[in-house]
Amino acid sequence: MAAAAGAWLRGCAKLRRHTPAYLAPWRVSPCVFRSSKSELKPNLASDGLACAPLQMFTEEEAMLKDMVTKFAQERVAPFVQKMDENAKMEDSIIQGLFEQGLMSIELGEEYGGTGASFFSIILAVEELAKVDPAVALVCELQNTLTNKLFTTYGTEEQKRTYLPRVSKDTLGSFCLSEAGSGSDAFSLKTRAEKKGDYYIINGSKMWISLAEDAGVFFVMANTDPSLGYRGITCFIVDRNTEGLHVGKKEDKLGIRASSTCPVTFDNVKVPETNILGQVGQGYKYAIGMLNTGRIGIAAQMLGLAQGCFDRTVPYTKERVQFGKSVFDFQGMQHQIAQVATQLEAARLLTYNAARLAETGRPAIKEASMAKYFTAEVATLTTSKCIEWMGGVGFTKNYPIEKYYRDCKIGTIYEGTSNIQLSTIAKFLAQEY
């Protein structure tokens, strides 16, 4: 018996010696948890920085938020149902966005912009999306893609030529996706062939947002297919360029007022001076812009979900069944409380990613987390709101079903939810 016990103990000791570190007993921490690591703050006093709650805004941000709320209620809300039915944005709304400075929020005043913060863009998109996510998308894309591409990679001449236009009356459109390159964006087939001091572009793009009304296009085309994605280059192409054709807009499930069209390029001649940035660097620009744009889409989904929630909860307090309001049933209260908590978490993720990006800090993982989570929360919120509204929530007499249709795109564009999860996992693999 003693011999058997001794053999068992010796076996256990041998097993412990060969146990991988990650399977160490719970009493022995194999490493410092990644989530426990802290980072030194800058000198807050000397740098003029302060740690504040994420939902505490500067005076400028608060004023802009209030202005956008007023604009959305007075200028956008009266047209939402009509625009959704007709799948057409009201010209007066686009004009109003330009007039209010909402299409050039972060641009410097020298170009006609307001010179506000990146976080202000996020607040504006969120407030617009509460009323109409399609209008919010126009604002979001103009600020986080069009303006950002010009300011980050444009030459001084390109900035002087285009930035005053995109801040005043010209929409931009980003042409990346193709029929055979969606999530695998860098397998695109559009070709740009060099001819002296200009390029000839041939190819076609799909799912191009704002294409119907855009005045300038950013076209991703490959100048040297032998290099694969390292041949992708970004070209600035004006709408009136010969050979550029915008096709019939898609008949979509949601965000119907915002156009989505195919765009084809048939021997489009573009001067070499219209290359944005460097030849062969287009793939880097696309990745960089989409990482920032995902925070904007997170804000759109957040605003959409909050707008739907805000329209639904008061109804549950007014609707009486079995002698009391629907809201007063504990089962309903718990559901509403759960969704409210999810909304708050989504807001904090989005605001955190925005503040990081605004200060130039790495925010790729945080942007993907924000976009993924807000899209999931928007799906949950809008679905629950229809249930809480009952039969009327299923009709077009109320806007709840529109929010439900609008939210689906959040899991698809600017990187699908699976792409976001893969990005997050990649960073986690590096961290651990």
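In case you missed it, the structure is sitting above this.
### Observations regarding the packing of aromatic side chains
Enumeration according to the criterion identifies 13 aromatic pairs in this entry. Seen in terms of ring centroids, Phe186 and Tyr283 are 6.1 Å apart; in terms of plane orientation they differ by 80°. Their pairing is edge-to-face. Here Phe186 is found in the loop between strand 1 (172-175) and strand 2 (191-195), whereas its partner Tyr283 is found in helix 9 (residues 282-318), with 97 residues between them in sequence. Since its relative accessible area comes to 27%, Phe186 is described here as partly exposed. Each member of the aromatic cluster is reached from another via a ring pair, and the members are Phe57, Phe119 and Tyr351.

### Remarks on the nonpolar core
Ranked by internal contacts, the top residues of the largest apolar core, which has 114 residues, are Met89, Leu128, Phe150, Ile201 and Phe235. With 17 residues, the top contributor of residues to this core is helix 9. Residue contacts for Phe235: discarding those within four places in its chain leaves Ala192, Tyr199, Ile201, Phe217, Phe218, Val219, Ala221, Thr223, Val270, Asn274 and Ile275.

### A look at the state of the cysteines
Taken as a whole, this structure holds zero disulfides when the rule is applied. Here Cys308 stays unpaired: no disulfide links it, and the sulfur of Cys385, its closest cysteine neighbor, is 3.7 Å away. Using a relative accessible area of 0% as the deciding quantity, one classes Cys308 as buried.

### Description of the pattern of salt bridges
Counted according to the given criterion, the structure contains 26 salt bridges. A salt bridge links Arg75 to Glu99; the shortest N-O distance between them is 3.8 Å. Linking Arg75 in helix 3 (residues 59-76) with Glu99 in helix 5 (residues 91-99), this pair joins segments that are 24 residues apart in sequence. Residue Glu387 is joined to Lys384 by a salt bridge in which the shortest nitrogen-to-oxygen separation is 3.6 Å. On the criterion of helical spacing, the pair formed by Glu387 and Lys384 is a turn pair, its members being three residues apart in helix 11 (residues 364-389). Judged by its relative accessible area of 23%, Lys384 is partly exposed. The network of salt bridges with common partners includes Asp84, Lys396, Glu401 and Arg405.

### What about the pairing of strand 4 (residues 216-222)?
For strand 4, the tally of buried residues reaches seven of seven residues, placing the bulk of the element in the interior. Residues Val216, Phe218, Met220 and Asn222 point to one face of strand 4 and Phe217, Val219 and Ala221 to the other, with burial holding for every one of them. Alignment of strand 1 against strand 4, held across four bridges, turns out to be parallel. Opposite Phe174, over in strand 4, you have Phe218 as the bridge partner. Taken together, the seven bridges between strand 4 and strand 5 (residues 232-238) define a ladder with antiparallel strand orientation. Paired with Phe218 across the two strands is Ile236, which belongs to strand 5.

### A look at the environment of Ile201
Mapped onto the secondary structure, Ile201 falls in strand 3 (residues 198-209). Residues Ile201 and Thr264, 63 residues apart in the sequence, show an inter-C-alpha distance of 9.6 Å. Setting aside its immediate chain neighbours within four residues, Ile201 contacts Thr190, Arg191, Ala192, Val219, Ala221, Phe235, Val237, Phe265, Asp266, Asn267, Val268 and Val270.

Rules behind the numbers
- Residues numbered from 1 in each chain as written.
- Predicted model: local features only at pLDDT ≥ 70, side-chain atom pairs only at ≥ 80, totals over all residues.
- Heavy atoms only, no water.
- Phe/Tyr/Trp six-rings, centres within 6.5 Å; stacked < 30°, edge-to-face > 60°.
- Helix = DSSP H or I, 4+ residues; strand = E, 2+ residues; numbered from the N terminus.
- Buried < 20%, exposed > 50% of the residue type's maximum accessible area, 1.4 Å probe, protein only.
- Core = buried A, V, L, I, M, F, W, Y, C linked by side-chain atoms within 4.5 Å.
- Contact = heavy atoms within 4.5 Å.
- Disulfide = S-S within 2.5 Å.
- Salt bridge = Lys/Arg side-chain N within 4 Å of Asp/Glu carboxyl O.
- Pairing = 2+ DSSP bridges.

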